[in-house]
Structure formats: C-alpha cells, structure tokens
Amino acid sequence: MLIAIRGATTVDNDVSQEIKVAVKNLLDEIWAKNSLHGKNVTAIIFSNTCDLHSYYPAKAAREAGYFSAPLFSAAEPDIYGALPKCIRVMILAESSEKPVHVYQGKAVSLRKDITAKFNVAIDGPAGSGKSTVASLLAEKLKVLHLDTGATYRACALACVRAGVDFKDEKGVKEALSRACISISYLGGAQHTYLDGEDVTAFLRTPEISMGASDVSVYQYVRNKMVDLQRAFAEKNSCVLDGRDIGTNVLPAAEFKFFLTASPKVRAERRMKENALKGIEQPFDEVLKEIQERDFQDKNRKFAPLKQAEDAILVDTDNLTVEEVLAVVEKYIQVKI
Ligand code: DC
C-alpha cells in the first residue's frame, strides 16, 4: 500500500551547510523509523518557507545519498505567522506499516500531538541484558535505540588502530582527539562509525570489551561520548542503554531502569552470545572478565556504574528477555 510520511525541520540560519545537515538528519530519522530503503520509496517532495534562499532541500537530499526516488522541492508562499526557516517533506512509499512522521528542531512545535519526546534510560552491568531489552523496547515503542557502549567500544578500536595502549591516558586522549566517532541507523539498526568507516562488526570482541571499559575511565573520553549521546537524545525519542545514562547522561530522562543479574548468570549469557558469534572462551575466563569490568566500571572516578535513585531496579536472574521487557513496558505504559 502507498503511505505518505510527513516530516519537518528548521534551521537557525539560511546557510547551505545548515540546510544540508538538517535535511540529512531529517531523512536519516524518517528512513530509520519507517524501515525505508531505496526500493520502497516512490517520491520525496520538499517545501520550504520563502525565507530560505541558499540551498534546495532536494539537492541536499541527493547529496546525502537519497537519490533512488524522484526528488522535488518548492518554496511556500509568504504566509503570515509561519514557523520561520522551516523545511517540510512528504515521502510517498510502499509499505504495510503505518507511517511514522518525524518533526525535528523547532518544527517539533508544529505537531505536539505526535512528537511528545521521551527518553528511556536502561543501565546495568555487562551481561545484564540491557542491550537486548533496549533494542526490543525501542522497536515496540517505534523509537531509536542508542547503544552507548558501542560508542566507547569505537573509542577502544580507535586506540587499537592508532597503536595506543588503553592504559596510556595521554596517548588515548591524543588518538581520540583526532578520531571522529558517529552513529547512524540503517533499517532501524544502529551502525557505529570511526572516521567515516562502519566499524559495527569489529566492536564486540573480548579485547574491545575490556578496552572500552579501560578507556571509559578517562574524563576526556567520557566528555566526548556524553556530548554525542546527549545531542542525540535531545533530538530523538530513544531508548539508551549504558552505565551512567540515568545518573549522568540524562538525569532528567522520563523513564529509568537498572537491570542486574548475578555474575554467574551474566557470564552464562555472554558464553551463549559468544558461541553465536563463533567466539570460543572458557567459562572461567568470561566470568573473570565480567567481574573485572564490573569492578572497573563501578569504581572509576567519573560517572561510575550506579543505579540512579529514581531508577526502577529489575533483577533479571530468573527472568527471560520477554519477561524483563514486559516489566519495563508496564511501567512505561502506566506513566505515558
Ligand atoms: O555495554 P557495553 O558492554 O557495550 O560497554 C562497554 C564498556 O563501555 C563498559 O565496560 C563501560 C563502558 N561504558 C560506559 O562507561 N558508559 C556507558 N554509558 C556505556 C558503556
């Protein structure tokens, strides 16, 4: 069936670079939330308020890689009281799903009915199931999932590639001051980039797990990643999983959960995950690594792993993923 997805965004200044970034961000989110890909999009139609002169939104879309469907843009008449410097889009696509409309920047004010923004923070130690639960919850709520651990993992990978020891704080800082870490979404799934390369597939090895824990103790690293995470959460309704989301990254998040499980259960889960990925490691080693990471994550100086006072504690030892999800969802539904 043909669906029409609506979206809008604004820029602060009528300059080409801002228009390019705004159009890309808008389309990225629409694509991620509606599982769009080249083939199911029929047309992309833009309009912009007549106070924008410096760039065609359609041209910005083409340059951002959205060229598989016909693109069109036109200026709106000078309507009194219109939201200034605004770009609107309508995307026609073939889909069996309901359209998810996206409003960003000051354009959020245009559709308060569908844009009530909220963030869900899910914190917990390695293997507590937070990442799986966060991903499933985001899918159910039709919002994005930000796996913040992946951003610290990308920092560790940047150090490996620069030949820097994780324990060498000065070297880590130098390597990361040159590294560009970013995220984007393909078909709703997070992809993590290091200097423009999609490194998602290299981030979940035991070496990078420990490296991420090592480098995340440094204030420079935390500031850089927290800036990235906050900027994302400010723009998008999303579920974030990590160690310090409820306490430090988003202390005002609308919903906060803290997932725990005993080290033994978490090690068993990690063994299963590793087996699926073809990684072989003895149980005792996995358990030791989990305990070392717990110790380091809980005892570091900056933003240690800790339950926020207002977070709901969920002990997942005897719960399946579906059961944890049901508990979390119940709280969210009650509050919304
Ligand atoms: O969630 P994960 O296993 O992918 O995280 C890897 C490491 O990154 C973790 O041991 C500590 C660090 N981390 C952090 O310090 N703060 C976060 N919000 C997420 C991860």
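Thresholds applied
Residues numbered from 1 in each chain as written. Predicted model: local features only at pLDDT ≥ 70, side-chain atom pairs only at ≥ 80, totals over all residues. Heavy atoms only, no water. Axes fitted to C-alpha atoms, helices over the stretch in contact; angles between N-to-C directions. Helix = DSSP H or I, 4+ residues; strand = E, 2+ residues; numbered from the N terminus. Parallel < 35°, antiparallel > 145°, perpendicular 65-115°, else oblique. Contact = heavy atoms within 4.5 Å. Nonpolar A, V, L, I, M, F, W, Y, C, P; charged D, E, K, R; others polar. Buried < 20%, exposed > 50% of the residue type's maximum accessible area, 1.4 Å probe, protein only. Pairing = 2+ DSSP bridges. Right-handed = clockwise from strand over helix to strand, strands pointing away. Phe/Tyr/Trp six-rings, centres within 6.5 Å; stacked < 30°, edge-to-face > 60°. Lys NZ or Arg CZ within 6 Å of the ring centre and 35° of its normal. Salt bridge = Lys/Arg side-chain N within 4 Å of Asp/Glu carboxyl O. Near = heavy atom within 4 Å. Polar contact = N/O pair within 3.5 Å; in protein donor to acceptor, adjacent residues only side chain to side chain. Areas by Shrake-Rupley, 256 points an atom, 1.4 Å probe, with all protein chains shown as cover. Disulfide = S-S within 2.5 Å. Expected span 1.5 Å × (residues − 1). Core = buried A, V, L, I, M, F, W, Y, C linked by side-chain atoms within 4.5 Å.

J.: Give a description of the packing of helix 6 (residues 169–178) against helix 8 (residues 219–235) that names residues and reports values.
T.: Running from N to C, helix 6 and helix 8 point in directions that differ by 25°, and their axes come no closer than 9 Å. Judged by the inter-axis angle, helix 6 sits roughly parallel to helix 8. Across from V172, K173, L176 and S177 in helix 6, the residues of helix 8 making contact are Y220, V221 and K224. Here the contact of helix 6 with helix 8 is built from residues that sort into four nonpolar, one polar and two charged.

J.: Pulling in residues and values, what's your account of the pairing of strand 2 (residues 41–48)?
T.: Along strand 2, six of the eight residues are buried, which leaves the element largely enclosed by surrounding structure. Pairing of strand 2 with strand 4 (residues 86–94), which is carried by seven bridges, proceeds in the antiparallel orientation. By the bridge assignment for strand 4, A43 is matched with L92. In terms of strand pairing, strand 2 meets strand 3 (residues 71–75) through five bridges, oriented parallel. Counted as the bridge partner of I45 is F72 from strand 3. Read as a crossover between parallel neighbours, the route from strand 2 over helix 2 (residues 57–63) to strand 3 is right-handed.

J.: Describe the packing of aromatic side chains, and please don't skip the residues or the numbers.
T.: Pairs of aromatic rings are described using the distance from one ring centre to the other and the angle between the two planes. Taken as a whole and assessed by the stated rule, the structure comprises four aromatic pairs. Where F118 meets F255, the ring centres are 6.1 Å apart and the plane angle is 80°; that geometry is what we call edge-to-face. Placement of F118 in the loop between helix 3 (112–115) and strand 6 (119–123) and of F255 in strand 12 (residues 255–260) is noted, with a sequence separation of 137 residues between them. Judged by its relative accessible area of 14%, F118 falls in the buried class. Directly above the ring of Y331 sits K330, whose terminal nitrogen or CZ lies 6.0 Å from the centroid.

J.: Please provide a residue-by-residue account of the pattern of salt bridges, values included.
T.: Opposite charge on two side chains lets them pair, provided their charged atoms get close. Under the defined criterion, the tally for this structure stands at 19 salt bridges. In this structure, D214 and K167 form a salt bridge, with 3.2 Å as the shortest nitrogen-oxygen distance. Of this pair, D214 sits in helix 7 (residues 206–215) while K167 sits in the loop between helix 5 (148–162) and helix 6, and the two are 47 residues apart along the sequence. The exposure class assigned to K167 is exposed, which follows from its relative accessible area of 57%. Across the pair E292 and K288 runs a salt bridge whose closest N-O atoms are separated by 3.3 Å. Taken as a pair, E292 and K288 lie in helix 11 (residues 283–299) at a separation of four residues, close to a single helical turn. Since its relative accessible area comes to 35%, E292 is described here as partly exposed. The exposure class assigned to K288 is exposed, which follows from its relative accessible area of 52%. Residues participating in the shared-partner salt-bridge network are R243, D297 and R300.

J.: How would you explain the site of the ligand if you had to name every residue and give the values?
T.: Taken together, 16 residues form the shell around the ligand, and within it R153, R222, D244, R293 and R300 come nearest. A distance of 3.0 Å separates a nitrogen atom of the ligand from a polar atom in the side chain of T148. Take R153: an N or O atom from its side chain is 2.7 Å from an oxygen atom of the ligand. Against a free-state accessible area of 450 Å², the protein chains account for coverage of 98% of the ligand. If you list the elements that add at least two residues to the shell around the ligand, you get helix 5, helix 7 and helix 11. Of the residues forming the shell around the ligand, the biggest block, four residues, is contributed by helix 5. Across the shell around the ligand, the residue classes break down as two nonpolar, five polar and nine charged.

J.: An account of the state of the cysteines is needed here, citing residue identities and associated values.
T.: Each disulfide is one covalent bond, formed between the sulfur atoms of two cysteines. Applying the stated criterion across every chain, the model contains zero disulfides. There is no disulfide at C180, and the cysteine sulfur nearest it, in C155, is 11 Å away. By relative accessible area, which is 46% here, C180 ends up partly exposed. This cysteine, C238, is not joined by any disulfide, and C155 carries the nearest cysteine sulfur, 18 Å off. On the basis of relative accessible area, C238 is assigned to the buried category, the value being 0%.

J.: Break down helix 1 (residues 16–34) for me, citing the residues and quoting the values.
T.: Look at helix 1: 27 Å from first C-alpha to last across 19 residues, which is about the 27 Å you get at 1.5 Å a residue. Along helix 1, the residues classified as buried are I19, A22, V23, L26, L27, D28, E29, I30, W31, A32, K33 and N34. Following helix 1 by one or two positions, S35 has its phi on the positive side, about 45°.

J.: Which residues make up the environment of K306, and what are the values?
T.: Locating K306 in the fold gives a position in the loop between helix 11 and strand 13 (312–315). Distance from K306 to R243, taken between C-alpha atoms, is 7.1 Å for residues 63 residues apart in sequence. Contact partners of K306, with chain neighbours within four places excluded, come to R243, T247 and F258.

J.: Pulling in residues and values, what's your account of the nonpolar core?
T.: Ranked by size, the top nonpolar core spans 40 residues in total, and within it V172, L176, I181, V215 and V221 carry the most contacts. Only strand 7 (144–147), helix 5, helix 6, strand 8 (181–186), helix 7, helix 8, strand 11 (238–242) and helix 9 (245–249) provide two or more residues apiece to this core. With eight residues, helix 5 is the single largest residue contributor to this core. One finds A22, L36, A69 and V89 within the second-largest nonpolar core, a separate group that totals 26 residues.

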